[in-house]
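# Commentary on secondary and tertiary structure
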Amino acid sequence: MVKIEGLRNLEFNVRKFNQLDENGFLTIEGVASIADKPMEYIDFWTGKITREVIPLEELEKSQNLIVGVPVTNGHPWDFVNNKNATEHVRGSVIENLGIEDKKLNIKAKIYDGELILAIQGGKDKISIGYICDVEEQVGFVDSGESYTHVQRNIRYNHVGIVNDPRAGEEAKITKFNSKEHDLAYSSGLKEQFKKFNNKGSDSMAVWKINGKDYNEQELFAEATRLNSENEALKVEKSKLEGELAVEKENAKKAVEKLNGLEDEIEKRVNSKIELIETIKTNGIEIEGIEKMNELDIKKAVIKKNSAIDIEGKDNNFIEGVYLALMKNNSKDPVQIKTNEKDIQKSNSLCDAWDKLRGGN
């Protein structure tokens, strides 16, 4: 086990060797992107593998856009924006050093002490986070490697310091603080500083979902988020199903009520038709009878054929008087009988009427 004091001395010597500026910041130079370099992507949903390249002309067109882009420790779980910049930004690209041998070289300044230690400890690869337009196009690069798609209209979002870039070992830091010597560390030095490399993702995303790249951490986070959304949707679905069940029950009752109303309307219409036919069959003429309701029709019949005062009387009294009058005047008594209940009511009221007139 390495003693803490030994690590401190090692850290001091590395800092001294690489000459941090007066603010403790570290300036680096390196290869951010490589043109005509096939890079593999895997579509998360289909498992389809694509080999995509950035054409040299596209890299040339986008090279000035990389100046000012934030530097991150690994690739953050989402692209850098004004809401998460405080969490992810560890430095920035300060200069475009141009393209040489199809490699885009940049200069960047690192502000974050932990990332500085990680870089000094051997985390020296560079991987860009960007969005682009992808076109299906099959071909071969100069090395003979094949590709299936080309990337165009590069829009940079961040430059990640990683351990395993998609573009390969050539995408790396080449200088500290503009020193002319290349970076070179023993494996033992790298091991001592591995503990500082625990922030962010170490490699570029290897899964593509709906056109966006995800690494393993991002996939886990996205799966967790989708699972939470799924649980929330299940709860909402259950509530909606409950509401739907109530609405279906209400609709069923409404249909039953509507059917009952239709039956009632049909019954009343038929009843009125029968009433009018009965009255006309018995030779009673009532002006405007078609526009009158059944109760008013019966009142009109009573007033026309009797001196009985029905003013203020209830409907049952009016019904009884009407049935009695129609029985006495009917040419065909059967026509005024609609059902057994009406027949019984008619007989009872008629008997009472006969007694009022002095009958047996």
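Quick look at the structure, then.

Definitions and cut-offs
Residues numbered from 1 in each chain as written. Predicted model: local features only at pLDDT ≥ 70, side-chain atom pairs only at ≥ 80, totals over all residues. Heavy atoms only, no water. Helix = DSSP H or I, 4+ residues; strand = E, 2+ residues; numbered from the N terminus. Buried < 20%, exposed > 50% of the residue type's maximum accessible area, 1.4 Å probe, protein only. Contact = heavy atoms within 4.5 Å. Areas by Shrake-Rupley, 256 points an atom, 1.4 Å probe, with all protein chains shown as cover. 1 Å grid on protein atoms, 1.4 Å probe; cavity = no way out; pocket = protein on both sides within 12 Å on 5 of 7 lines; lining within 4 Å. Points joined across faces, edges and corners; volume = space filled by probe spheres on them. Nonpolar A, V, L, I, M, F, W, Y, C, P; charged D, E, K, R; others polar. Patch = residues over 30% accessible without salt bridge, like charges linked within 9 Å, V, L, I, M, F, W, Y side chains within 5 Å. Salt bridge = Lys/Arg side-chain N within 4 Å of Asp/Glu carboxyl O. Pairing = 2+ DSSP bridges.

Right, let's talk about the overall build of the chain for a bit. Across its full length, the chain holds nine helices and 11 strands. Put simply, the chain has 360 residues, and 38% of those count as buried. Residue pairs at least 24 apart in sequence account for 64% of intrachain contacts in the chain once pairs closer than 6 positions are excluded. Accessible area of the chain: about 21500 Å², with a carbon and sulfur share of 51%.

Next up on the list: helix 4 (residues 113-120). By the criterion of burial, helix 4 is predominantly enclosed, with six of the eight residues buried. A positive phi of about 120° marks Gly 122, the residue just after helix 4.

According to the stated counting rule, one finds one cavity of 30 Å³ or more in the structure shown. Roughly 100 Å³ of volume is contained in the largest cavity. Along the walls of the largest cavity sit 14 residues, with Met 39, Ser 127, Ile 128, Tyr 130 and Ala 167 positioned nearest its centre. Mapped onto the lining of the largest cavity, the elements with two or more residues apiece are strand 1 (26-34), strand 2 (39-43) and strand 7 (125-140). Top element by residues in the lining of the largest cavity is strand 7. It accounts for four residues. A breakdown of the residues in the lining of the largest cavity according to their chemical character gives 11 nonpolar, two polar and one charged.

To continue, consider a nonpolar patch on the surface. A cluster of nonpolar side chains, contributed by Leu 258, Leu 261, Ile 265, Val 269 and Ile 273, occupies part of the molecular surface with about 430 Å² of accessible area. Here Ile 273 shows up in helix 6 (residues 216-281). Note on Ile 273: relative accessible area 39%, which makes it partly exposed.

Summarising the sheet, strand 2 and strand 3 (residues 49-53) pair through four bridges and their orientation is antiparallel. Across the sheet, Glu 40 pairs through a bridge with Arg 51, a residue of strand 3. The antiparallel hairpin formed by strand 2 and strand 3 contains five residues in its connecting segment, where Gly 47 sits at a positive phi of about 80°.

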